[in-house]
Amino acid sequence: EIAHNKSEVIERTYPIHKLEDYIEAFEMIDGEDSWIDLETCEVYDDYYFEENDMDDEEIEDFYNNPNVISLPGRTELNEYEDMVSFVDSLDDNYIRERLYQALKGKGAFKRFKNEIINQNVREKWFKYRDNCLRQKVINWLEENEVEYEE
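Residue indices follow the written sequence of each chain, beginning from 1 at its first position. In keeping with the model being predicted, local features are shown solely for residues with a pLDDT of at least 70 and side-chain atom pairs are shown and tallied solely at 80 or more, while totals for entire chains, interfaces and linings include all residues. Hydrogens and water molecules were not included; the side-chain quantities draw on all heavy atoms of the structure.

Should a side-chain nitrogen of Lys or Arg be within 4 Å of a carboxyl oxygen of Asp or Glu, the pair is scored as a salt bridge. Counted by the stated rule, this structure contains 8 salt bridges. With a closest N to O distance of 4.0 Å, Arg134 and Glu20 form a salt bridge. Linking Arg134 in helix H8 (residues 122-143) with Glu20 in helix H1 (residues 19-27), this pair joins segments that are 114 residues apart in sequence. The shortest N-O distance in the salt bridge between Glu115 and Arg98 comes to 3.2 Å. Taken as a pair, Glu115 in helix H7 (residues 108-118) and Arg98 in helix H6 (residues 93-102) lie far apart in primary sequence, 17 residues in all. Starting at the N terminus, helices and strands are each numbered in turn, a helix being any DSSP run of H or I of at least four residues and a strand any DSSP run of E of at least two.

Quick look at the structure:
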């Protein structure tokens, strides 16, 4: 259940989804304003209302659905921080220095992408990134009191 204000408690009713379903939902986050319907595990972004030509009443119904909750935005997920943490975790000083250099300044994501290929740590990065996202999803589920199964 979730409290929208102190006097009102709204009961959520939704099936319990697998953690993987929520991870997939998080991978779909593309901007800053996204929501998930806990009943279907479907993700909606801020273009959803325009694309479906929804009127004010339909939009209000969407927001008032207790099974629809806000997802963190791309900024909050902070993949750059994960990249820095990944580089910190590497044992090889040369590779670490090359990746630190790639992360400096404008165009860091593209340089990092190229450098993980050049340094042959691309698969290691993907595994690390997936583990970071998994932990972020688990934290979000727990903070929002959303039940899930492994």
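Taken as a whole, helix H5 (residues 79-89) has its buried residues at Asp82, Met83, Phe86 and Val87. The buried residues of H5 all sit within an arc of 140° when viewed along its axis, so they share a single face. On its buried side, H5 packs onto helix H4 (74-77), H6, H7 and H8. A 1.4 Å probe rolled over the protein chains alone gives each residue an accessible area, and that area as a share of the maximum for its type sets the label: buried under 20%, exposed over 50%, partly exposed in between. By construction, the arc corresponds to the directions joining the helix axis to the C-beta atoms. We call two residues contacting when some pair of their heavy atoms lies within 4.5 Å.

Across the interface, H5 lies against H8 with an axial gap of 10 Å and an inter-helix angle of 125°. Classed by the angle they form, the pair H5 and H8 counts as oblique. Relative to H8, H5 is oriented so that their crossing is right-handed. Along the contact surface, H5 presents Glu79, Asp82, Met83, Ser85, Phe86 and Ser89, while H8 presents Lys124, Trp125, Tyr128, Arg129, Cys132 and Lys136. Under the scheme applied here, ten amino acids are nonpolar (Ala, Val, Leu, Ile, Met, Phe, Trp, Tyr, Cys and Pro), four are charged (Asp, Glu, Lys and Arg), and all others, including Gly, are polar. Taken together, the residues of the contact of H5 with H8 sort by class into 5 nonpolar, 2 polar and 5 charged. All axes are obtained by fitting lines to C-alpha atoms, using only the stretch in contact for helices, and the reported angles, taken between N-to-C directions, cover 0 to 180 degrees. Between 65 and 115 degrees an angle is taken as roughly perpendicular, under 35 as roughly parallel, over 145 as roughly antiparallel, and anywhere else as oblique. The handedness criterion is simple: a crossing whose near helix is rotated anticlockwise from the far helix by less than a right angle is left-handed, and one whose near helix is rotated clockwise is right-handed.

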